[in-house]
Structures are given as C-alpha cells and as structure tokens.
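Each chain is listed here by its residues.
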Amino acid sequence: MINITLPDNSVRQYPEGITGMEIAKSISEGLARNVLSVLVNNEIWDATRQITGDAKIKLLTWDNEEGKNTFWHSSAHLMAEAIELLYPGSKFGIGPNIESGFYYDIDFGDKSISSEDFPKIEAKMMELAKENQIFLRREVSKADAIDYFTRKNDEYKLELLQDLEDGQITFYESGHFTDLCRGPHLPDTSFIKAVKLLNTAGAYWRGDEKRKQLTRIYGISFPKQKELTDYLALLEEAKKRDHRKIGKEMELFTFSQKVGLGLPLWLPKGALLRERLEMFLKKVQKKAGYVQVICPHIGNVELYKISGHFQKYSETSFRPISTPVPGEEFFLKPMNCPHHCEIYSFKPRSYKDLPVRIAEFGTVYRYEQSGELHGLTRVRGFTQDDAHIFCMPEQVKDEFKGVIDIVMLIFKALNFKDFITQISFRDKNNKEKYIGNDENWEKAEKAILEVAQERNLNYVIAPGEAAFYGPKMDFMVKDALGRKWQLGTIQVDYNLPDRFELEYIGSDNQKHRPVMIHRAPFGSMERFVAVLIEHTAGKFPLWLTPDQAIILPISEKYQDYAEKVLQFLNNSDIRAQIDSRNEKAGKKIRDAELEKIPFMLVIGEREEREGTVSVRKHGKGDLGPQKLEDFVQLIKDEVARELGEIN
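Residues numbered from 1 in each chain as written. Predicted model: local features only at pLDDT ≥ 70, side-chain atom pairs only at ≥ 80, totals over all residues. Heavy atoms only, no water.

## Observations regarding the overall build of the protein chain
Quick note on the threshold: Note on conventions: DSSP H or I runs of at least 4 residues are helices, E runs of at least 2 residues are strands, and numbering of each starts at the N terminus. Each residue's exposure class comes from its accessible area (1.4 Å probe, protein chains only) as a fraction of the maximum for that residue type: buried when under 20%, exposed when over 50%, partly exposed otherwise. In this description, contact between two residues means that some pair of their heavy atoms is separated by no more than 4.5 Å. We get accessible surface area from the Shrake-Rupley algorithm with a probe of 1.4 Å; when it comes to residues, only the shown protein chains can shield them. Neither His nor the chain ends contribute to the count of charged residues, in which Lys and Arg are positive and Asp and Glu negative. We put the charge of a Lys on NZ, of an Arg on CZ, of an Asp on CG and of a Glu on CD.
Summing up its helical and strand segments, the protein chain has 20 helices and 35 strands in all. Overall size of the protein chain, expressed as C-alpha extent along the three principal axes, is 90 × 70 × 60 Å. Counting only residues that meet the buried cut, the protein chain has 52% of its 647 residues in that class. In the protein chain, of all internal contacts separated by at least 6 residues, the share reaching a separation of at least 24 is 68%. Summing over all exposed atoms, the protein chain offers an accessible surface of approximately 31200 Å²; the carbon and sulfur share of this is 48%. Across the protein chain, the mean location of the 91 positive side-chain charges is 3 Å away from that of the 99 negative side-chain charges.

## Points about the packing of aromatic side chains
Applied cut-off: Pairing of aromatic rings covers Phe, Tyr and Trp, the last counted by its six-membered ring, and requires centre-to-centre distances within 6.5 Å; plane angles under 30 degrees mean stacked, over 60 mean edge-to-face, and any other angle means tilted. Think of it as a cone above the ring: NZ of Lys or CZ of Arg counts as a charge over the ring if it is within 6 Å of the ring centre and within 35 degrees of the ring normal.
This model, assessed by the stated rule, comprises 26 aromatic pairs. Linked through ring pairs, F411, F416, F419, F475, F522 and F528 together constitute an aromatic cluster. The aromatic ring of W45 is capped on one face by R49, whose charged end is 3.8 Å from the ring centroid.

## Structural notes on the pairing of strand 25 (residues 459-463)
Let me state the cut-off plainly: For two strands to pair, DSSP has to find at least two bridges joining them.
Bridge count for strand 24 (residues 418-425) against strand 25 is 5 bridges, and the pairing is parallel. Opposite S424, over in strand 25, you have A462 as the bridge partner.

## Here we look at the pattern of salt bridges
Worth spelling out the cut-off: Salt bridge, as used here: a side-chain nitrogen of Lys or Arg that lies within 4 Å of a carboxyl oxygen of Asp or Glu.
A full pass over the atoms with the stated rule returns 45 salt bridges. Of the charged contacts, one joins E237 and K240 as a salt bridge, the two residues approaching to 4.0 Å between their closest N and O atoms. Here E237 and its partner K240 are both found in helix 7 (residues 225-241), 3 residues apart, which amounts to about one turn of the helix. We note a salt bridge from E534 to R483, for which the minimum N-O separation is 3.0 Å.

## Focus on empty space enclosed by the protein
Over the atoms rolls a probe the size of a water molecule, and its path tells where empty space is left. Heads up, the condition is: In the cavity and pocket records, a cavity denotes points on a 1 Å grid over the protein atoms alone where a 1.4 Å probe fits but cannot get out, a pocket denotes an open set with protein on both sides within 12 Å along at least 5 of 7 lines, and lining residues are residues with an atom within 4 Å of a point. Grid points are joined across faces, edges and corners, and a volume is the space filled by probe spheres set on the points. Side-chain classes follow a simple rule in which Ala, Val, Leu, Ile, Met, Phe, Trp, Tyr, Cys and Pro form the nonpolar group, Asp, Glu, Lys and Arg form the charged group, and the remainder, Gly included, forms the polar group.
Summed over all chains, the structure comprises 1 cavity of 30 Å³ or more. As for the largest cavity, its lining consists of N440, W441, A444, Y469, G470, P471, V492, Y494 and N495. Per element, the largest residue contribution to the lining of the largest cavity is 3 residues, and it comes from helix 14 (residues 438-454). A breakdown of the residues in the lining of the largest cavity according to their chemical character gives 6 nonpolar, 3 polar and no charged.

## What about the sheet that holds strand 5 (residues 43-46)?
Condition: Lines are fitted to the C-alpha atoms to define the axes, a helix being fitted only along its stretch in contact, and any angle between axes, read from their N-to-C directions, falls within 0 to 180 degrees.
What the 5 strands build is an open sheet, ordered 2-1-7-4-5; its pairing is mixed. Both outer strands of the open sheet, strand 2 (11-14) and strand 5, are each paired with one neighbouring strand and no more. Adjacent strand axes in the sheet meet at a mean angle of 40°, parallel and antiparallel pairs treated alike. Pairing between strand 1 (residues 2-5) and strand 2: 4 bridges, direction antiparallel. Across the sheet, the residue bridging to N3 is Q13, located in strand 2. Packed on one face of the sheet, helix 3 (residues 65-86) meets strand 4 (37-40), strand 5 and strand 7 (55-60) and runs near 130° to strand 4.

## Re the side chain of Q384
Structurally, Q384 is set in strand 23 (residues 381-391). The class for Q384 is buried, based on a relative accessible area of 13%. Setting aside anything within four residues of it in sequence, one finds Q384 in contact with N336, E360, F361, G362, V364, R366, G523 and S524.

## Some words on the packing of helix 9 (residues 268-287) against helix 16 (residues 525-536)
Applicable threshold: Oblique is the label for every angle not falling under 35 degrees (roughly parallel), over 145 degrees (roughly antiparallel), or within 65 to 115 degrees (roughly perpendicular).
Packing of helix 9 against helix 16 brings their axes to within 11 Å, and their N-to-C directions diverge by 105°. Considering their axes alone, helix 9 and helix 16 lie roughly perpendicular with respect to each other. From helix 9, L273, R274, L277 and E278 reach across to helix 16, where they touch M525, E526, F528 and V529. For the contact of helix 9 with helix 16, a count of residues per class yields 5 nonpolar, no polar and 3 charged.

## Focus: unusual backbone geometry
The step from G183 to P184 runs through a cis peptide bond, and the omega angle for that step is 0°. Relative to the elements of secondary structure, P184 occurs in the loop between strand 13 (177-180) and strand 14 (194-204). Phi is positive for E251, close to 55°, though the residue is something other than glycine. By secondary structure assignment, the location of E251 is in the loop between helix 8 (243-249) and strand 16 (253-254). The class for E251 is partly exposed, based on a relative accessible area of 49%. Although it is not a glycine, K596 sits at a positive phi angle of roughly 65°.

Laid out in structure tokens, this is it:
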C-alpha cells in the first residue's frame, strides 16, 4: 500500500499503481467525471498514469489553471489529428497550450490554409472528439523515436529529438495521431465539447527568421458549448476595446513604416496622457524618498558584459553600434540597471546613506521579431518606470513593502481591483540559467515569500520563472473583461552589486555589499497604456483623461462666451476644448459621447446671460445648469476621490 496525501492534508492508503482517476472515483463519481489531470508531488500527470509511491496529490478540474492547460494541450493534439487526416503529409512543429487556448505550428507543404478552412477542421475535430479516443502515454527509446519520425519524414520532430536522451522521450497516441510529447493529457477526447479555431499567423521554426515559416493555427476549446458562446461574445467586446483601434480614434499614438516596426509615435493627446502618468508616479516616488536620474540611450558593450545582459540577451538586442575607434562598440540600452549601478558607485557610500532609491523613466530597446509585434503591448522601443533601490540586507523587507505600497496606490487610482501576485523562484534543477550563489538566492527568495505572507497577498509560486539575477514578484491584473496582464514587477538582486563591486561602509567601518531591488510598478509605459485603454475602453479616470470637458456652443454667436469659459477652465487647471464646428448641438453631443469626453458643457443664450454652463456627463446625461465655479469644484472633488491620499 502507498500513502496518498490530499490537499486538506488527510492521508489515504491505496494499492501501489493506483491512478488519479481511480482516487477521484473513490471519493466521488461526480468528481471523477470532472478530473482532467492530477498534480503529483508538484508535477502534473495524466489522470490515468499509475502512482507507484507515496505522494502528495491534487485532482485538477476545469476550475484549476493546470486543468485548463491540460484540456487545451489535448485540444492541440486533436486539431493536429484532424489536420493530418484532412491534409495528408502535413508536418508538425510544436503545439502547446497558451494562456487562453492552444496553437500548433504546421508545415502544410505546398498547400495554403486560411480561416475559410476552419469550419472543415472544426467539424473533423468534433467528429474525432465524439469517438472518445483515449490519450495513451508511451515511453520510447531515442532510437525508436528517430526511426518513427524518419519513416514519417517529419524533420521538425527529428530536430526536437536531438535535445533529448533515453528516459526523456514519451509518445502520446490518440486515435490516428502519434506525437512526441511530455504531456499530460486528458483521459480521452470526450471531455472536449466545443471548439473554435480563431486565426492563423506565420511562425518561424524555433523562432529563427532564417528558418522556414510555418503556419500557426490558434484555437480555443471548452467542456460546454455555452462557455464557448460566452467566450466568443467576450472576444467581440475585446475587439471594440482594442487599444490600437481606440488609440487611433482618440489620437493617442500611431506607427509609421518609415520610422520602423515596433517604434510607437506618441501624438499630442497621448503624450499628455503619458506625461500625467509619469507626473503621478514621480509625485508618489518623491514622497517615498526616490531621486530622479537620466541616463543615455546607449552604453558601451563592456557595461552589459559586466552585468551579464550581453551573455543572456545579446540575441534579442539590436546589433552593436561601431565607432571609428577599433574594437569600440556600443549597444542601444536594453536595460537601465547597469547604468544605475554606475550612478550608485560614482561616490563612496555609508550605511547612513542607505537606502539609495534611484528612479528613471528610461527608454530601452529590444529586438522583437516582426511577427511578435503587437500595438503597444509588444514593441521594440519602450520606456520603463524603472527604479533601483540599493540597501543593506536588513532593509530589504521594508523596502520591498514600500514598493508594494506604491503598486497598491497605482492600482487604486486606476481602478485595478482584481489581481494576484506571482512569486518567481529559480529552477533548482537547472541552476546554470542563473548567476550568483545558493546562499544569496535562498536569502532573496525567503525575503520575498515572507513579505507576501506578512502583507496577506494572494500569491502563487512559479518555480523557474525568476530573472537570471534574482527572484521576483509580478503583479498579475485582471482587466474589465477578465483577461490577465502582468503589470508591475519587484526583484531582489544580490548579484549585480557583486558584479559591479558596489560597496558601502558599514557601522563596523568595514566594506559591505548592498542589496539591489529592481522595481517597475507600471512595467513599461507603452504596455501599461495599452492595458489601461482596453480595461477602460478609453474611458479613463477623470484625473488622467486627455480632455476633461468639451464646450459646445449651440451656434457661432456664443463663440466669444465659449472662449471665456475655456479661459476660466484653463486657469483652474481643467483640461478642456471647444467644439466650434457648424453642427447642431445634438450631433456635437453624440460625437463627444463617442470620444468618451467625461463632461459636455452646452452654452447658449441663457448660459451666456446667467454666466453658467449646462452640464452633461458622459453616459449619464443632463446634470442641469451650473456656475463655472461649481463645475470646477465638481471636477476637483471627483479627481480627489479618484486619487485619494496621492492628490
């Protein structure tokens, strides 16, 4: 008999070789009908895989993220099977689950596939799903695996096999399809009740632009048809909220082929919006003891060799910039941290000086492949609200808490209410990906975990997701449509201070290494604005919106009074404009509603005579006539409520 520990820490005994599905049946037939996979000693297994020793398990259903991942990965295999039957000779690259759904990279040979082919593939997938095909896991020797894919003439799987050895190779078979795969998978295809293929994209094999471009097909699947229907409705709403669409309509930003892919141009309204975000954070940072710095956009390649960024990220950086001096090379700045290390080291530091908090809205450059660029969320040049705190080891936890406080203020001011924190540790089984010694890593990980617990944060731990120089905490925010975005990061780093030989004189009059905390509450200004646009559908908080009010004279006779109103509002720090078009008031109001301007001030004969404005609020209609002083106070009161203690 073996001991199985359940999530409530109760222990049950079962025969050796029991499966997760059989354990579920022993608890409840209803539970068994919903089990998709099982977490065994923190590793996700097929629910039908035998457990041969004592284990701690968790039965995974559609309600668990890991369960959804299993469901979608199995759906990718189902799609591949359908495609192989419909398009014989197709070759398959990789087919993982993603955050919402799945994709598979496919070489269709001389065939061309488009969205017009989706209904046929979907129909075949559902036909196969109804066959209740079992997902069968089989361990295979490398020689047999190579023989199988050689006979199948699939060079992509053969290349993947080059990185694997005996004991690491498993095949999964379902129906007519066999794939090289680690799994896990559903017990069978009957769980998949609804499928929708969403779009295609080009994807270079293994992300190499010099390799063949495959066809990537994205899809989504669900255990119930209603969930698919709801999801498709959500997609339609997401299209309306697309930051690229709204950004163009509101004249916030644009892109130009002549300037270059992935390099956004901020238009006047967008620049002002971004400036207000920066001023907001600068005000918060000033209260928290940060000092502002400015660094150049390039740095000597030796700087990034010292930091380790050259060794880790040179392939995703722009090519070096050569100068007339032989051997001298510069990089477009991919990170701000090495520059801030040099700012710290420009003069001697004492323990009395620490912590030193250095902040910068620093623009950095990364070479993203053209197929991965997407509006403001994936660009080649972006500005980070970056800061680095240099502190003594005993100050780490308090400084970390101080950064969390800043993040919470931002989320409150921008109405982000639904979020979790992801704590990313290093992969202890693959330490060569990281720099630094075990002792420092363990101290840093321990500090982050203790802070999360002391602050009662809702957190998950992600092994293997740490930065190469230290563990981190990321803030995963759900927007108004329930989509998850990573906004804000805090990282504890014992390693860069070592590499840059940073020092301070302690109370013992000896030299010590400071600890470095990296933090970016917004993350990047570009991505943050994109998420904010889609979260609010362009209806920004009043303190942030480009135009707080628009003045709508009902005819040109009232233009002079409109100008006086505008001047009064400007003098009161209210952002406003005049709609002077020769249009009827009704059309001006409708257009202002479409532009999501919070307040519309209609003026005519009565308003001019009485020195008032007739106020309308976006989405709420007529608020009646108000004196200008009262309207200004209305704006200021609402802004004060939004910003709270920051105002």
